[in-house]
Amino acid sequence: MTPAVALARHELHQAARGRWLVAFAIGFAVLALGLSLVGLRVEGAAGLEGYGRTTASLLNLSLTLIPLVALLLGAGGIAGDRETGALEVLLAQPVTRTGLLLGRFAGQVAAVGLATVLGFGVAGTLIGLAAGSSGAAQYLAYVAIALLLAGAYLAIGTVVAVCSRARLQATAAALAIWFASVVLFDLTLIGLGAAAGAGARVLAVAMLFNPVEIARLLALLVLDPGLEMLGPVGGLLTARLGGAGAAGLLLAALFAWIAGPLALAAAIFESRDPL
Amino acid sequence: MIAMAGLSKRFGRVAALADVSTEIPAGGFALLLGANGAGKTTLLRCVLGLHAYEGTVRVGGHDVARDGRAARALVGYVPQRPALPGELTCAEVLDLFARLRGRSPRYEWLDRVGLAESASTPARVLSGGMRQRLALAAAMQGDPPVLLFDEPAASLDVAARRALHRDLAALSEAGRTVVLSTHLAAEPLAAATRALVLDRGRLVYDGAPAALGAAIRQRVVFTMNGAGRDELRALIAGRPEVQLDESSGAVVATTPAGRAFELLAAVASAGIPALAVRVEEPSVDPSLVVASGGQGS
């Protein structure tokens, strides 16, 4: 077992012991089932709504909650270790700084991934049993996009962690980034569109700077590639690249949002005194 | 086993280490002495590659700056306040640290440090002394030939401290290179084969521990309410080996290590009243090291 794998295992172990992983999984299961139930009540029926509508209902909620949880987890890790002194003990082992960073990141991805898969998995199974399997593939694709989004924000959180001296500082920075990408970004784009008359091309480029928007568009492409739901940016991308090409570009952008921040975090961690 | 040449480290405008050069051969038991802030922790962290520095540091021939991972594979480290994962049990802590070294855990170390019955106990509920011993067991995973201890006795009582120093001497006798950083000098001095004294980042002594004897001093602090102060001054003045300092308001007598109780007996015989008396741990006085000739080897 390499040191990075040992660290990943340790991170997952700690997440499981800390009970947040179970709480996160239960939260997602309850949300998914709740939205499915509420959806049908609104239509005057009883029982569980199918995958397609449930997935659409979950989208906005997930795009808000997953970045928050992932940012806080990613930012707290190394910054918290620095504060408690655990980082000194870990870095005194025969592990490189990049190895330590990647090991912890892998463990965090596994922890969030496990919670997400468990939560959505339990809900998905119950929905499938009650309402049939129509739309199940879209539901699975949506869960995969949620995992990628979690990976991107865990990586951004890792950059915050290596730049922060203490957990509180890291938490504050993580919350600011979350607010900027989930709330401010949208408002800024709307403002740009209205005031400066920015076209779909400008908005499409701007959108690539925010993993939440990338994941939203990708999920919409998977759910319903109709132009009405996709909006002008989605319309432009599908017109230029086709549905598969647009999805490929957005997937690549999400992966870049994982690899880029991780590379930046590793470069910062290697170049500075870590303690 | 450990070699430093021109080792310097600055934190902003403060020089934490200035041009430190020395070699610690394999199998030695070296004491790294100095007051708080002398640079002891910084030096150990440089040996581990935890700080960037100027100069060179080698462990077992590996350049720490270029191949820190290989150098650290040879080193077990016990920091002053070991922050071990508190959620893990003692056995799990050993498992983690062994895996980080790519080895299988050696649980027998729990027995060797007296924690066999605590194998299933979470590390967070251990006392300071027990946590220190668990940190030693964790540091021994991977069987490293070099052991670095940063003020391990600071939070221990006298009995635990003596037990720790015995353990370290035994590890050294078994062939490991042991470096013990401490500001408390007297107890481990007898077991050590080498002494290094740092003063504000400079290496002011590097040689045999025995030759340091005269520089190891012990402070006795008398809190007085006025009565007896003149008599105490007179008594101290009659003992040329004892220095007097009243700058803090209290009467502070600094004696050679091990002679504090001689002074206390004399004070008691003379019937000098004191509100409180505190005998501090012996520590090395760098000014006396420099005065006696500095580098001793």
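Now for a description of the structure that goes with this document.

### Examining the sheet that holds strand β5 (residues 62-63) of chain B
Residues and elements named next belong to chain B.
(1) Moving on: Sheet architecture is open: four strands sit in the order β2-β1-β4-β5, paired in antiparallel fashion. Each edge of the sheet is formed by a strand with only one pairing partner; in this case those strands are β2 (14-24) and β5.
(2) Moving on: Pairing of strand β1 (residues 2-11) with strand β4 (residues 54-59), which is carried by five bridges, proceeds in the antiparallel orientation. Paired with Ser 8 across the bridge in β4 is Glu 54.
(3) Moving on: Across the sheet, helix α1 (residues 40-47) touches β1, β2 and β4, and the angle it forms with β1 is around 120°.

### Quick look at the interface of chain A and chain B
(1) Moving on: In this assembly, 26 residues from chain A lie in contact with 27 residues from chain B.
(2) Moving on: For the pair chain A and chain B, the summed buried surface comes to about 2,300 Å²; carbon and sulfur atoms form 59% of the total.
(3) Moving on: The partner of Glu 88 of chain A in a salt bridge is Arg 45 of chain B, and the shortest N-O contact between them spans 2.9 Å.
(4) Moving on: Taken together, chain A and chain B are joined by 12 residue pairs in polar contact (both at pLDDT 80 or more).
(5) Moving on: Contributions of two or more residues to the side of chain A that touches chain B are made by α1 (3-17) and α4 (86-91) of chain A.
(6) Moving on: In terms of residues, the side of chain A that touches chain B owes the most to one element, α1 of chain A, which gives eight residues.
(7) Moving on: Of the residues belonging to the side of chain A that touches chain B, the class tally is 13 nonpolar, eight polar and five charged.

### As for the packing of helix α3 (residues 90-100) of chain B against helix α5 (residues 128-139) of chain B
Residue and element names in this part refer to chain B.
(1) Moving on: Between α3 and α5, the shortest axis-to-axis distance is 9 Å and the interhelical angle comes to 30°. In the crossing of α3 with α5, the sense of the turn from one axis to the other is right-handed. In contact with Cys 90, Val 93, Leu 94 and Phe 97 of α3, α5 contributes Leu 134, Ala 137 and Ala 138.
(2) Moving on: A breakdown of the residues in the contact of α3 with α5 according to their chemical character gives seven nonpolar, no polar and no charged.

### Overview of the pairing of β1 of chain B
Where a strand is regular, its side chains alternate between the two sheet faces.
Residues and elements named next belong to chain B.
(1) Moving on: Where β1 meets β2, seven bridges bridge the pair, whose relative direction is antiparallel. The residue bridging Lys 9 from the neighbouring strand is Leu 17, located in β2.
(2) Moving on: Where β1 hands over to β2, the hairpin turn is made up of two residues, of which Gly 12 adopts a positive phi near 65°.

### Digging into empty space enclosed by the protein
All names here are of chain B.
(1) Moving on: Counted under the stated rule, the structure contains five cavities of 30 Å³ or more.
(2) Moving on: Of all the secondary-structure elements, those providing two or more residues to the lining of the largest cavity are β6 (75-78) and α5.
(3) Moving on: For the lining of the largest cavity, the element with the most residues is α5, which contributes three residues.
(4) Moving on: The residue inventory of the lining of the largest cavity, partitioned by class, reads nine nonpolar, one polar and no charged.

Rules used in this analysis
- Residues numbered from 1 in each chain as written.
- Chains lettered and ligands numbered in written order.
- Predicted model: local features only at pLDDT ≥ 70, side-chain atom pairs only at ≥ 80, totals over all residues.
- Heavy atoms only, no water.
- Pairing = 2+ DSSP bridges.
- Helix = DSSP H or I, 4+ residues; strand = E, 2+ residues; numbered from the N terminus.
- Contact = heavy atoms within 4.5 Å.
- Axes fitted to C-alpha atoms, helices over the stretch in contact; angles between N-to-C directions.
- Buried area = accessible area lost by both parts, 1.4 Å probe.
- Salt bridge = Lys/Arg side-chain N within 4 Å of Asp/Glu carboxyl O.
- Polar contact = N/O pair within 3.5 Å; in protein donor to acceptor, adjacent residues only side chain to side chain.
- Nonpolar A, V, L, I, M, F, W, Y, C, P; charged D, E, K, R; others polar.
- Left-handed = near helix turned anticlockwise from the far one by under 90°.
- 1 Å grid on protein atoms, 1.4 Å probe; cavity = no way out; pocket = protein on both sides within 12 Å on 5 of 7 lines; lining within 4 Å.
- Points joined across faces, edges and corners; volume = space filled by probe spheres on them.

That is the geometry; function is a separate question.
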